[in-house]
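# Inside the fold
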Amino acid sequence: MMKSGSSAVVPTGMNSNAINNKARVKNFDAKANRKTRSSDGFQEIQFEACSSGRSRSPSVRTDNSIFPSRPPSASTEMSPRLPSSLANRSENKTPFLNLAMIGPVDSGKSSLTGRLLYNCGVVDEVTLTKSSNDATIAGKPSLKFAWLMDKLKVERDRNHSIDSKSRRMETSLYNMVVIDCPGHRNYIHNMITGISQSDVVVLVVPAPKKEFELSITKTGQLREYLNIAYSMGVKKLIVAVNKMDATSPPYSQIEYNSCIHLVQRVAQKVGYNPNKVIFVPVSAIKGDNITTPTTNMSWYDNWETLSRPGNHVTGVTLLDALHKAQQPTRMNSKALRVPIHTVYKLGTIGIVAAGRVHAGSVRPQMELSFAPSHRKCSARAIQIFGEVTNEGRAGDNVGIQFEGLTTNKVKRGYVCGNLYDDPPREAKQITAQIRILHHPGNIKKGYSPLLHCHTAMTACTITNIIERTDDRTGMTAEDFPTSLSTGNVGLVEMILLKPICVETFFDYPSLGRIILRDLKQTIAVGVVVKVTKSNIKDMKSLLKTQAEEKAADETEIDELKNKSEGYDSLMSLSNNMKNKDTIDCIHSNVKSECSLNTPASTDKVESVLESQEQGKSGTEDDITNGKHTLKLSIDVAGTMNDSGCMEEDV
């Protein structure tokens, strides 16, 4: 074996020139046999608007369904050519429905999502076999459906999701976007982002007794997740009681009834109508009641709910419950608002931002503006799940390809709008009505929690508590209270430490809902009633200005206090003058000072001091009458008033 750094051994009878020539011929043959490239010189790349949020690598396509080839003379390295004809959005009659899967950690959300996608034909057998082999090799065969969604190595090692991931699923009634939200306490901010993009929430609850009791306790996650979902405006709730095959005994009706009884009580306290909540017993591993009815639960016939007075809706499976969900009202008539949740940089495609259209519509060649960065660009193409379309409407999860924009100019949490139709702007200060859910102490002025709004997140500071409201009557219970405690509803003013785009609840409801978090728990939820918009780049300057104003006020108060103390000491000195020598000393000092100004002032000083020498009765009378006036005949500025003296009120 040849050691590292040693020269190669040349065979006998062959010189080095012959070896080099042989290598050149070999390289030339390899280039000649290489597969010819296409005339456009680049590979077609499809940007997935709602693919896995953590995957930054583009998916390489070999067909021409998205971006056809350009002629050889055209430059294709910067931006590929768009299709000659775009898909007409108005021709798609199938409505879109966004679905978020939430629940406590280890409740089986990812497994249920993977099983639902597999049963609906979104995942093929090859993909499932690969995921099953990976899970078996890792010693976790029961996670084969969960690993269809959790593709990161760190997620598979920790056995829980980290970021929200979305997949498209077509059914007979809806084009569904299934969003798998994380359930771990450390990644609640990612779950809030997923819920803000959804129309329906599926709460996954574990059926086994021990797991369910841990999640339903006062410190559990189930109550917090329901509060977050309701405060974000998602009124349609479906509860999937998972892991029915793991109960004791399996598929126990007693444990199922116990689960739905307690969840109904919690949902009613949060604000949901228990008569409209759908409960479905399922098993993600066995596939029970996902898309087809099961035979393992003979005691279960169907679920039933009351959608309207006198109108009962029934079904059997989880898919039936999703089909019965009604599409909420869209804000198509308002100005464009698209909160960005992921930014991609995809090869020759360029910068692509993915987000949900909350209001208005976006079209190609539209001039766009971003808040709070105030960047301007134009939309080159609009894509909805791999299909380049001519319009993205309210409720659609779209991918927008930008022109004239780099990656660091647009970030998660930014809001995109029309440049010429009420463009979004950053918020300087907001006034919100909040409800305190849980806090170990009292919330006072200066409290700085973490604020979540749509896909944005920033720290804020409560600067003023305007009123405390009676949650039963809605009337004002106290004006300008000193603090708010658990269970109180109040109107507060807050400043944002980092600029984000916030709208009022009355203009854009989905962009006017806020969540305050601290100590890894949800402190308060509320809505924004007033927004003070500004072009300030950094909200810390506002805090600095307020601190400087406060320091100036304190300094002024201290100066006034010191001045009043000096006046008081001077008055006490004049009242306690009993010694003639002391008066003569003061007389001589005042004479010397007045000699610097005017000679006429000396006589007036002598007359005043003689009056003080006669006694202190006059001064005591003035103080007793509340006048507190000290009369000095010294004109410091060299001028006198009409009476020949200066008067200062103490």
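Everything below is about the structure printed above this text.
Computed from a predicted model, the values in this text were never measured in an experiment.

### Describing the overall build of the protein chain
In terms of regular secondary structure, the protein chain is built from 13 helices and 26 strands. Among the 650 residues that make up the protein chain, the fraction classed as buried is 46%. In the protein chain, once contacts between residues fewer than 6 apart in sequence are set aside, the share between residues at least 24 apart is 69%. Of the accessible surface of the protein chain, which amounts to about 33400 Å², a share of 50% is contributed by carbon and sulfur atoms.

### Focus: the packing of aromatic side chains
The description of an aromatic ring pair rests on the distance of the ring centres and on the angle between the ring planes. Applying the stated criterion to the full structure yields 6 aromatic pairs. Pairing Tyr118 with Phe145 gives two aromatic rings, centres 6.0 Å apart and planes at 55 degrees, and the pair type is tilted. Taken together, the residues Tyr118 in helix 2 (residues 109-119) and Phe145 in the loop between helix 3 (125-137) and helix 4 (153-158) connect sequence positions 27 residues apart. For Phe145, a relative accessible area of 2% corresponds to the buried category. Between Trp299 and Tyr300, the ring centres sit 6.3 Å apart and the planes meet at 75 degrees, which makes this aromatic pair edge-to-face. Here Trp299 falls in the partly exposed class, since its relative accessible area comes to 23%. Given a relative accessible area of 11%, Tyr300 falls into the buried group. An aromatic cluster is built from Tyr256, Trp299 and Tyr300, whose rings are joined through pairwise contacts.

### Let's talk about the environment of Gly512
Summarising the element assignment, Gly512 is placed in the loop between strand 22 (489-496) and strand 23 (513-518). For the pair Gly512 and Ala432, spaced 80 residues apart in the sequence, the C-alpha separation amounts to 9.1 Å. Those residues in contact with Gly512 that lie beyond four places of it in its chain are Glu503, Thr504, Phe505, Gly526, Val527 and Val528.

### Details of the sheet that holds strand 4 (residues 165-170)
What the 6 strands build is an open sheet, ordered 4-5-3-6-7-8; its pairing is mixed. This sheet does not close on itself; its edge strands, each paired only once, are strand 4 and strand 8 (278-281). In this sheet, adjacent strand axes meet at a mean angle of 25 degrees when their direction is disregarded. Summarising the sheet, strand 3 (residues 96-102) and strand 6 (residues 200-206) pair through 4 bridges and their orientation is parallel. Within strand 6, the residue paired with Ile102 across the bridge is Leu203. Against the sheet, helix 8 (residues 253-270) makes contact with strand 6, strand 7 (236-242) and strand 8, and its axis sits at roughly 155 degrees relative to strand 8, the strand it touches most.

### Notes on the pattern of salt bridges
By the definition in use, this model includes 16 salt bridges. For Glu155, the salt bridge goes to Lys165, with nearest N and O atoms at 3.3 Å. With Glu155 in helix 4 and Lys165 in strand 4, the pair connects residues that are 10 residues apart, well separated along the chain. Lys165 sits in the buried class, given a relative accessible area of 3%.

### Focus on helix 3
Here helix 3 contains 13 residues, and its C-alpha end-to-end distance of 18 Å stays within 8% of the 18 Å for a straight helix at 1.5 Å per residue. Every buried residue of helix 3 is listed here: Leu128, Ser131 and Ala135. Looking straight down helix 3, one finds that the buried residues subtend no more than 65 degrees of arc, so they occupy a single side. Within helix 3, the exposed residues directed more than 90 degrees away from the buried face are Val126, Lys130 and Ile137. Where helix 3 is buried, its residues touch helix 2. A positive backbone phi angle near 80 degrees is found at Gly139, which sits one or two residues after helix 3.

### Overview of the packing of helix 6 (residues 209-216) against helix 8
Helix 8 packs onto helix 6 with a crossing angle of 5 degrees between their chain directions and a minimal axis gap of 11 Å. By the angle between their axes, helix 6 is roughly parallel relative to helix 8. Touching Lys209, Phe212 and Ile216 of helix 6 are Glu255, Ser258, Cys259, Leu262, Val263 and Val266, all from helix 8. Per-class residue counts for the contact of helix 6 with helix 8 are 6 nonpolar, 1 polar and 2 charged.

### Here's the deal with the state of the cysteines
Evaluated as defined, the whole model comprises 0 disulfides. In this structure Cys416 is a free cysteine whose sulfur lies 6.5 Å from that of Cys377, the closest cysteine sulfur available. Taking relative accessible area as the criterion, Cys416 reaches 0% and is therefore assigned buried.

### Topic: the packing of helix 7 (residues 222-231) against helix 8
One way to put it is that helix 7 packs onto helix 8 with a least axis distance of 10 Å and a crossing angle of 40 degrees. On the basis of their axis angle, the class for helix 7 and helix 8 is oblique. Crossing hand, helix 7 versus helix 8: right-handed. Contacts from Leu222, Arg223, Leu226, Asn227 and Tyr230 of helix 7 reach helix 8 at Val263, Val266, Ala267 and Val270. Of the residues assigned to the contact of helix 7 with helix 8, the class counts are 7 nonpolar, 1 polar and 1 charged.

### Things to note about the environment of Ile443
Tracing the sequence through the fold places Ile443 in the loop between strand 18 (427-436) and strand 19 (450-453). Sequence separation between Ile443 and Ile462 is 19 residues; the distance between their C-alpha atoms is 8.9 Å. Residue contacts for Ile443: discarding those within four places in its chain leaves Ile436, Ile462, Ile465, Thr482, Ser483, Leu484 and Ile523.

### Things to note about the pairing of strand 16 (residues 397-403)
Burial runs high along strand 16: 6 of the 7 residues are buried. Strand direction decides the pairing type here: strand 12 (residues 350-356) and strand 16, joined by 5 bridges, are antiparallel. Paired with Ala353 across the two strands is Ile400, which belongs to strand 16. Relative to strand 16, strand 14 (residues 376-384) runs antiparallel, the two sharing 5 bridges. Bridged to Ser378 within strand 16 is Glu403.

### A look at helix 2
Count 3.6 residues to each turn of an α-helix, and residues three or four apart come out pointing the same way. Within helix 2, 9 of the 11 residues are buried, which leaves it mostly tucked inside the rest of the structure. Taken together, the buried residues of helix 2 touch strand 3, strand 4, strand 5 (175-180), strand 6, strand 7 and helix 9 (318-323). Within two residues after helix 2, Gly121 carries a phi angle of roughly 90 degrees, on the positive side.

### As for the environment of Val338
Within the secondary structure, Val338 sits in strand 11 (residues 338-346). Distance from Val338 to Tyr414, taken between C-alpha atoms, is 8.3 Å for residues 76 residues apart in sequence. Residues within four places of Val338 in sequence aside, it is in contact with Gly355, Arg356, Val357, Ile400, Tyr414, Val415 and Cys416.

### Observations regarding the pairing of strand 7
Within a regular strand, side chains alternate between the sheet's two faces. Burial analysis of strand 7 places 6 of its 7 residues in the buried class, which makes it a mostly covered element. Inspection of the sheet shows strand 7 paired to strand 8 by 4 bridges, in the parallel sense. Residue pairing for strand 8: Ala240 is matched across the bridge by Val280. Taken together, strand 7, helix 8 and strand 8 form a β-α-β motif whose crossover is right-handed.

What counts and what doesn't
- Residues numbered from 1 in each chain as written.
- Predicted model: local features only at pLDDT ≥ 70, side-chain atom pairs only at ≥ 80, totals over all residues.
- Heavy atoms only, no water.
- Helix = DSSP H or I, 4+ residues; strand = E, 2+ residues; numbered from the N terminus.
- Buried < 20%, exposed > 50% of the residue type's maximum accessible area, 1.4 Å probe, protein only.
- Contact = heavy atoms within 4.5 Å.
- Areas by Shrake-Rupley, 256 points an atom, 1.4 Å probe, with all protein chains shown as cover.
- Phe/Tyr/Trp six-rings, centres within 6.5 Å; stacked < 30°, edge-to-face > 60°.
- Pairing = 2+ DSSP bridges.
- Axes fitted to C-alpha atoms, helices over the stretch in contact; angles between N-to-C directions.
- Salt bridge = Lys/Arg side-chain N within 4 Å of Asp/Glu carboxyl O.
- Expected span 1.5 Å × (residues − 1).
- Arc of directions from axis to C-beta.
- Parallel < 35°, antiparallel > 145°, perpendicular 65-115°, else oblique.
- Nonpolar A, V, L, I, M, F, W, Y, C, P; charged D, E, K, R; others polar.
- Disulfide = S-S within 2.5 Å.
- Left-handed = near helix turned anticlockwise from the far one by under 90°.
- Right-handed = clockwise from strand over helix to strand, strands pointing away.

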